[in-house]
Amino acid sequence: MTLVPALSRRRALALAAQIAFAAALTIAALSPAAAHEIKAGDLTIVHPWTRATPAGAKVAGGFLKIVNTGNADDRLMSATVEIAESVQLHEMKMVGDVMEMAEVAGGIAVPAGATVELKPKSLHLMLIGLKSAPAPGSVFKGTLTFERAGTVPVEFAVEEMGHEEPAHGASH
């Protein structure tokens, strides 16, 4: 047995592994749960997402990151989604030994040079009056309205029920 066929076999296996890895990355990038960013002036909206809900659920949470690279503060004032009758800006926080959730009056501040994360058990969007149950792997349209940046169209990716962080692990 010579070295040339063995090297060729090893190279072929390495090339096949690289092709398989590249294909997996491509498929992951094309899935609805893949990271997506929306630019609106000095703001970047990073991966809006929600969790799948059981049939008949009337509410769901909406999550995302807002990165403000500008020199001026902004404020998330409101939101809409096509799958719910209304959306409220909410915050969950501990009050004594009890976790409380309440609507945020006056919007959510997005300071200049800062990142604000809407995530489970914290600041979030409360989707109220669901018209349909969000299904894992699907997407739906919505808008975010900011004091300075205006109304920004977004798409929410739907993650599995019980999911705590976006599937892609993005933290752009």
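Residues numbered from 1 in each chain as written. Predicted model: local features only at pLDDT ≥ 70, side-chain atom pairs only at ≥ 80, totals over all residues. Heavy atoms only, no water.

K.L.:
What should I look at first to understand the overall build of the protein chain in this one?
P.N.:
Looking only at helices and strands, the protein chain features 1 helix and 11 strands. Counting from the amino terminus, helix and strand elements in the protein chain follow one another as α-β-β-β-β-β-β-β-β-β-β-β. Taking all contacts inside the protein chain whose residues are at least 6 apart in sequence as the whole, residues at least 24 apart take part in 66%. Carbon and sulfur atoms make up 59% of the accessible area of the protein chain, which totals about 9,700 Å². (Helix = DSSP H or I, 4+ residues; strand = E, 2+ residues; numbered from the N terminus. Contact = heavy atoms within 4.5 Å. Areas by Shrake-Rupley, 256 points an atom, 1.4 Å probe, with all protein chains shown as cover.)

K.L.:
Any chance you could explain the layout of surface pockets here in plain terms?
P.N.:
Over the atoms rolls a probe the size of a water molecule, and its path tells where empty space is left. Roughly 170 Å³ of volume is contained in the largest pocket. Looking at the largest pocket, it is lined by 13 residues, and the ones nearest its centre are Arg 51, Ala 60, Gly 61, Phe 63 and His 124. Broken down by secondary-structure element, the contributors of at least two residues to the lining of the largest pocket are β2 (43-51), β3 (59-68) and β9 (124-130). In terms of residue count, the dominant contributor to the lining of the largest pocket is β3 (3 residues). (1 Å grid on protein atoms, 1.4 Å probe; cavity = no way out; pocket = protein on both sides within 12 Å on 5 of 7 lines; lining within 4 Å. Points joined across faces, edges and corners; volume = space filled by probe spheres on them.)

K.L.:
Before we go on, may I ask you to explain the nonpolar core in this structure?
P.N.:
It is characteristic of soluble globular proteins that their nonpolar side chains tend to be buried jointly. Among the nonpolar cores identified, the biggest contains 31 residues, and Ile 66, Leu 76, Leu 118, Leu 125, Leu 127, Leu 144 and Phe 146 are the most heavily contacted of them. The element contributing the most residues to this core is strand β11 (residues 150-159), with 4 residues. When sequence neighbours within four positions are dropped, the list of residues in contact with Phe 146 reads Leu 43, Ile 45, Ile 66, Asp 74, Arg 75, Leu 76, Met 77, Val 110 and Val 152. (Core = buried A, V, L, I, M, F, W, Y, C linked by side-chain atoms within 4.5 Å. Buried < 20%, exposed > 50% of the residue type's maximum accessible area, 1.4 Å probe, protein only.)

K.L.:
It is not clear to me how the pairing of strand β6 (residues 98-103) should be interpreted in this structure. Could you clarify?
P.N.:
Along a regular strand, successive side chains alternate from one face of the sheet to the other. Note that strand β5 (residues 84-95) and β6 share 6 bridges and pair antiparallel. Within β6, the residue paired with Met 92 across the bridge is Met 101. Here β5 folds back onto β6, and the loop between the two strands holds 2 residues, one of which, Gly 96, carries a positive phi near 65 degrees. (Pairing = 2+ DSSP bridges.)

K.L.:
Would you mind going over the pattern of salt bridges with me for this structure?
P.N.:
Side chains bearing opposite charge may pair, as long as their charged atoms lie close to each other. For the structure shown, the criterion picks out 1 salt bridge. Salt-bridge contacts for Lys 141 lead to Glu 155; the nearest nitrogen and oxygen are separated by 2.9 Å. Taken together, the residues Lys 141 in strand β10 (residues 139-146) and Glu 155 in strand β11 connect sequence positions 14 residues apart. With a relative accessible area of 35%, Glu 155 lands in the partly exposed category. (Salt bridge = Lys/Arg side-chain N within 4 Å of Asp/Glu carboxyl O.)

K.L.:
Can you help me understand the packing of aromatic side chains in this one?
P.N.:
The description of two aromatic rings rests on the distance between their centres and on the angle between their planes. In total, this model carries 2 aromatic pairs according to the counting rule given. Plain terms: the ring middles of Trp 49 and Phe 63 are 4.7 Å apart, the flat faces sit at 45 degrees to each other, and that makes the pair tilted. With Trp 49 in strand β2 and Phe 63 in strand β3, the pair connects residues that are 14 residues apart, well separated along the chain. The exposure class assigned to Trp 49 is buried, which follows from its relative accessible area of 3%. (Phe/Tyr/Trp six-rings, centres within 6.5 Å; stacked < 30°, edge-to-face > 60°.)

K.L.:
Explanation requested: the environment of Leu 76 in the structure shown.
P.N.:
With respect to the secondary-structure elements, Leu 76 resides in strand β4 (residues 74-81). In this structure the C-alpha to C-alpha distance between Leu 76 and Leu 89, which are 13 residues apart in sequence, comes to 8.6 Å. Residues contacting Leu 76, with those up to four places away along its chain left out, are Ile 66, Leu 89, Gly 107, Ile 108, Val 110, Leu 118, Leu 125, Leu 144, Thr 145 and Phe 146.

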